[in-house]
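# Examining the three-dimensional arrangement
Chain by chain, the residues run as shown.
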Amino acid sequence: MAAEDNPLLSAFPLPAFSALDPEHIVPAIDARLAQANACIDALEAVERPSWENIAARLEEAADALDRTWSPVRHLRAVADNPQWREAYNACLPKLSEPRTSLGQNEHLFRAYKTIRDMPSFDTLDQAQRKVIDDALRDFKLSGVDLDEEGKLRFKALSAELSELTSRFSENVLDATQAWRKHVIAAETLAGIPDNALGLAAENAAREGLDGWVLTLDFPIYSAVVSYAENRALREELYTAYGTRASDQGPNAGTWDNTETMIRILRLRHEMATLVGFESYAAYSLARKMASSPAEVMAFLETLSARSKPAARRELFELREYAADALGLDTLEPWDVSFVSERLRQERYALSQETLRPYFPISRVLDGLFEIVGRLFGIRVEEQSNADTWHPDVRFFEISTSSGEPLGQFYLDAYARAGKRGGAWMDECVVRRVTARGIQLPVAYLCCNFSPPLHPRPSLLTHDEVCTLFHEFGHGLHHLLTQVDIAAVSGINGVPWDAVELPSQFLENWCWEPEGLSLISGHVDTGEVLPEKMVERMLSARNFLAGMMMVRQLEFALFDLRIHAESDSPDRPDINAVLEDVRRQVAVVIPPQWHRFAHAFTHVFSGGYAAGYYSYKWAEVLAADAFGRFEEEGLFDPRCGLAFRTAILERGGTEDALTLFREFRGRDPDVEALLRQCGMIATQRTESPNAAPTD
Ligand code: ZN
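The residue numbering used here restarts from 1 in each chain and proceeds along that chain's sequence as written. The predicted nature of this model means local features are confined to residues of pLDDT at least 70 and side-chain atom pairs, given and counted, to a pLDDT of 80 or more, with totals for whole chains, interfaces and linings taken over all residues. The side-chain values count all of the structure's non-hydrogen atoms but skip hydrogen atoms and water molecules.

Another aspect to go through is the side chain of S246. Put simply, DSSP H or I for four residues or longer makes a helix, DSSP E for two residues or longer makes a strand, and each gets a number counted from the N terminus. Considering the arrangement of structural elements, one finds S246 in the loop between α10 (231-242) and α11 (258-274). A polar contact is formed between the side chain of S246 and the backbone oxygen of T243, at a distance of 2.7 Å. Note on definitions: a residue-residue contact is assigned when non-hydrogen atoms from the two residues lie within 4.5 Å. Residues contacting S246, with those up to four places away along its chain left out, are N251, A252, G253, W255, D256, R595 and H598. Any pair of nitrogen or oxygen atoms within 3.5 Å is treated as a polar contact; in protein, a donor-acceptor pairing is required on top of that, and neighbouring residues in sequence qualify only through side-chain atoms on both sides.

And the structure:
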């Protein structure tokens, strides 16, 4: 096939999804990689480096590759089949190689350094300067600065770490899958909800057995510990789950991660010190908004001191309730979820299913577009005739209130076979200025809501409504950007601990009576969510918020400390650190034999090493940013415009703290999150927009 016939190579700016075929993939990626490599060769030969002849050309090549790869990555996630998967997997190793070698490319490193050191650097605009500074930082973090011996060591460390981290997650997976319990007597399973029982019955049927097979897969595990009336059964699953891949529990020693964890920590420490950092935590923070491990430590300790009293009170209530209502004299760790669920049902008696009829998807979308329209002065309109990958997919355009186009997005809302679970926003096209003019951004918004059951439309739970707002917040960050260079446009170049700000921020409108009146309307009567239900929903929102907070803080502090403390880098005592952290923050202390860390994949095999605090960090940013709307008006247009111009339009062109300060006029304040979680009293001014003239 000639290159010009390949829709993956000609697609600009929108991919021609209906014309794509798995056989286009490998040749298209090969062609783009060949272009990228030719570009890098040409750049290495440049004698007088400048923004135009180095950075701009590299950006052009990277964007061409991204635009070709994006629809492939996307279709693999939403329309998986064996042919796509095979072609996708064939490309992965090809794609990872030039990236790793780029980080250690000394020619390019020197070229960027030359650009940085020239007097003309000051004449570049803010975005260009940030791109050069970020690139230099990343080169250094990849070890390009080291001597030959150091470089070899760095590469060896990276290779071994990728092997160890994948062994860690394989051990967790194997240990999770190895445990099973066959149950014949239905009364053993009393209390467990139907959908979890259905999964367990399917497991049994697959093995040709009667009854149910319980496993440690999360939907079954969490249903058992939250709902099973049989205390011994809860204890059994709690024990098996909490000792996975360790030296304890029913499969002690079989997939034990102990040595792997120690080696991962040791190698990470060596890697960080090799490129000049005191610890792996400091190395990890070099790319984040938080400035130092000490700052993150202080942040977590403040939150912990402020939320522990609430957590203690909640635990006391749970104990009382367990004794009085459930006859449990002690509250064991395997009772906590069960007792919490009982108390939640008794207090609030409001299930997500009851809320569903109030949230037909079309009403929710209209309300969402109305809300962002009022806040940010934008219009969202559906476009017909878009070329998509499935008939359910809808396509929208966002423009300014005066009709100037800003970007477009696909909305793929429903669950179906071949589509990955969960919800996410991904980039299809990134905004940048090209020789042909402005390339406008395009996003994919994907969710897994229940599809319509004709004639009934798709009805969302309130959790799902929040998910939609969350992903739409990421979408706005990508789509409202005004940045001209892809590397810092939209969510690109935004640090990990700040990227959840717009998404968590937008969720707040799903919890405000004024917002709820715009997004709810009963499927049969059109009636908005009744005030009584809103009240109950709001009071249930912060149920056991203190206990949940200290649990997240326990994980975050543990993660930070094992990566920050270098007293014994050769033999870090993981269990001792965990115990110490628990003494400091936890209110529910697991038994001595419990081995949480051995299955903490976020940190030992995911991207969260010395970064687990990011969840809380971003929650503070989002709650505090929303606080300005609480003070100045939920739909105050000046406030909305300020958020748009300081955060949503600026991508990664500035330090995230600078942008936050520009919007809020000060540093982030943890009080905002504590207030939102109901741990301190709210002081709220009336919305000036509630006046009838508005
Ligand atoms: Zn998110």
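That was the structure; now back to the text.
With that settled, consider the coordination of the zinc ion. Note that water is not among the atoms used; donors are N, O and S atoms within 2.8 Å of the metal (3.2 Å for Na, K and Ca), so sites may look incomplete. In this structure, H470 (NE2), H474 (NE2), E500 (OE) and E500 (OE) serve as the protein donors to the zinc ion, at separations of 2.1 to 2.7 Å. Along the chain, the residues that donate to the zinc ion are spaced as H-x3-H-x25-E. Remark: E500 occurs in the loop between α17 (462-479) and α18 (501-507) and H470 occurs in helix α17; sequence separation between them is 30 residues. Throughout, exposure labels follow a simple rule: accessible area from a 1.4 Å probe, protein chains only, divided by the maximum for the residue type, with under 20% read as buried, over 50% as exposed, and the rest as partly exposed. On the basis of relative accessibility, which here comes to 14%, the residue H470 falls in the buried class. When its relative accessible area of 26% is taken as the criterion, E500 is described as partly exposed.

Moving on to the sheet that holds strand β4 (residues 394-400). What makes two strands pair is DSSP finding at least two bridges between them. A sheet is described by the order of its strands in space; here five strands give the open sequence β3-β4-β5-β9-β6, paired in mixed fashion. Only two strands of the sheet have a single partner each, and these edge strands are β3 (378-382) and β6 (424-429). Sheet twist, expressed as the average angle between the axes of neighbouring strands with direction ignored, equals 25°. As defined by bridge partners, strand β5 (residues 405-414) adjoins strand β9 (residues 442-449) across six bridges and the pair is classed as parallel. Its bridge partner being in β9, F409 is matched across the sheet by A443. Against the sheet, helix α3 (residues 51-78) touches β5, β6 and β9, its axis set at about 145° to β6. Angles here are taken between N-to-C directions and fall from 0 to 180 degrees, while the axes themselves are lines fitted to C-alpha atoms, restricted in helices to the stretch in contact.

With that settled, the discussion passes to helix α9 (residues 218-227). Listing the buried residues of α9 in full gives I220, Y221, A223, V224, V225 and S226. The elements touched by buried residues of α9 are α8 (194-206), β2 (212-215), α10 and α14 (336-348).

Bringing the pattern of salt bridges into the picture now. The salt bridge criterion pairs a side-chain nitrogen of Lys or Arg with a carboxyl oxygen of Asp or Glu, the two atoms within 4 Å. Evaluated as defined, the whole model comprises 49 salt bridges. Between D484 and R431 there is a salt bridge, and its shortest N-O distance comes to 2.6 Å. Taken together, the residues D484 in the loop between α17 and α18 and R431 in the loop between β6 and β7 (432-434) connect sequence positions 53 residues apart. Classification of D484 as partly exposed rests on a relative accessible area of 38%. Its relative accessible area of 6% is what places R431 among the buried residues. What emerges from the salt-bridge pattern is a single network uniting E59, E60, D63, R67 and R432.

Glancing now at the nonpolar core. Within the largest apolar cluster, 133 residues are counted, with the highest numbers of intra-cluster contacts made by F376, F409 and W509. The contact partners of F409, leaving out residues within four places of it in the chain, are F369, V380, R394, F395, F396, I398, A443, L445, F472 and L479. Counting 29 residues, the second largest nonpolar core, distinct from the first, contains I25, L33, W389 and W424. In plain words, nonpolar cores are sets of buried Ala, Val, Leu, Ile, Met, Phe, Trp, Tyr and Cys residues tied together by side-chain atoms within 4.5 Å.

When a strand is regular, its side chains alternate between the sheet's two faces. Counting buried positions along β5 yields nine of 10 residues, so the element is predominantly enclosed. By the bridge criterion, six bridges tie β4 to β5 in an arrangement that is antiparallel. Paired with S399 across the bridge in β5 is P405. Count of turn residues in the β4/β5 antiparallel hairpin: four residues, of which G403 carries a positive phi of about 95°.

Tracing the backbone through its elements, the reader meets E314 in helix α13 (residues 293-326). Counted as positive: Lys and Arg. Counted as negative: Asp and Glu. His and the chain ends are not counted at all. The charged side chain of E314 is buried without a salt bridge, its nearest counter-charge being R313 at 6.5 Å. Leave out the neighbours within four places in its chain, and E314 touches L544, A545, G546 and M547.

Two elements in contact, α3 and helix α5 (residues 106-117), have axes whose closest approach is 10 Å; the angle formed by their N-to-C orientations is 125°. The pairing of α3 with α5 is recorded here as oblique in orientation. In the packing of α3 onto α5, the handedness of the crossing is left-handed. Contacts between α3 and α5 pair W51, I54, A55 and L58 from the former with L108, A111, Y112 and I115 from the latter. Note on terminology: angles under 35 degrees are roughly parallel, angles over 145 are roughly antiparallel, angles of 65 to 115 are roughly perpendicular, and the others are oblique. Left-handed describes a crossing in which the near helix is turned anticlockwise from the far one by less than a right angle; the clockwise case is right-handed.

The next thing to look at is the packing of aromatic side chains. Aromatic rings from Phe, Tyr and Trp, with only the six-membered ring used for Trp, were paired whenever their centres fell within 6.5 Å, and each pair was classed as stacked if the ring planes differed by under 30 degrees, edge-to-face if by over 60, and tilted otherwise. Enumeration over the complete set of coordinates arrives at 43 aromatic pairs. Measuring from centroid to centroid gives 5.6 Å for F17 and Y410, while their planes differ by 90°, and the two rings are edge-to-face. Taken together, the residues span a long stretch of sequence, with F17 in the loop between α1 (7-10) and α2 (22-44) and Y410 in strand β5 at a distance of 393 residues. Overall, Y410 belongs to the buried group, its relative accessible area being 1%. Seen in terms of ring centroids, W509 and F629 are 5.3 Å apart; in terms of plane orientation they differ by 80°. Their pairing is edge-to-face. Taken together, the residues span a long stretch of sequence, with W509 in the loop between α18 and α19 (513-519) and F629 in helix α24 (residues 614-632) at a distance of 120 residues. Given the relative accessible area of 0%, W509 is considered buried. Feature note: the residues W496, F555, F558, F596, F600, Y608, Y612 and Y615 constitute an aromatic cluster, connected by ring pairs.

Here we come to the confidence of the model for the chain. Every residue is assigned a pLDDT by the predictor, reflecting its confidence on a scale from 0 to 100. Per-residue pLDDT for the chain averages 92, and the proportion of residues at 70 or more is 96%. In the model, residues 683-694 has pLDDT below 50 throughout and makes 13 contacts with residues more than four positions away in sequence or in other chains.

Right, let's talk about the environment of E301 for a bit. Looking at the element boundaries, E301 is found in helix α13. Under the relative-accessibility criterion, E301 is labelled partly exposed at 35%. Sequence separation of E301 and L553 is 252 residues, and the distance between their C-alpha atoms is 8.4 Å. Ignoring anything within four residues of it in the chain, the contact list for E301 reads L557 and Q584.

Right, let's talk about the pairing of β9 for a bit. By the criterion of burial, β9 is predominantly enclosed, with seven of the eight residues buried. Here β6 runs beside β9; their pairing, made up of five bridges, is antiparallel. Its bridge partner lying in β9, V429 is registered against V442.

Glancing now at helix α21 (residues 545-564). Here, expected helix span is obtained from the residue count minus one, scaled by 1.5 Å. Taking 1.5 Å per residue, 20 residues should reach 28 Å; α21 reaches 28 Å between its end C-alpha atoms and fits that length. Buried residues dominate α21, accounting for 16 of its 20 residues.

Moving on to unusual backbone geometry. Across the chain, the bulk of peptide bonds are trans and the bulk of non-glycine residues have phi less than zero. With an omega of 10°, the peptide bond running from H454 to P455 counts as cis. Of note, P455 is situated in the loop between β9 and α17. The backbone of N385 shows a phi angle near 65°, a positive value even though the residue is not glycine. In this fold, N385 is placed in the loop between β3 and β4. On the basis of relative accessibility, which here comes to 77%, the residue N385 falls in the exposed class. Not every positive phi belongs to a glycine, and A610 is a case in point at roughly 50°. Position of A610 among the secondary structure elements: in the loop between α23 (601-604) and α24.

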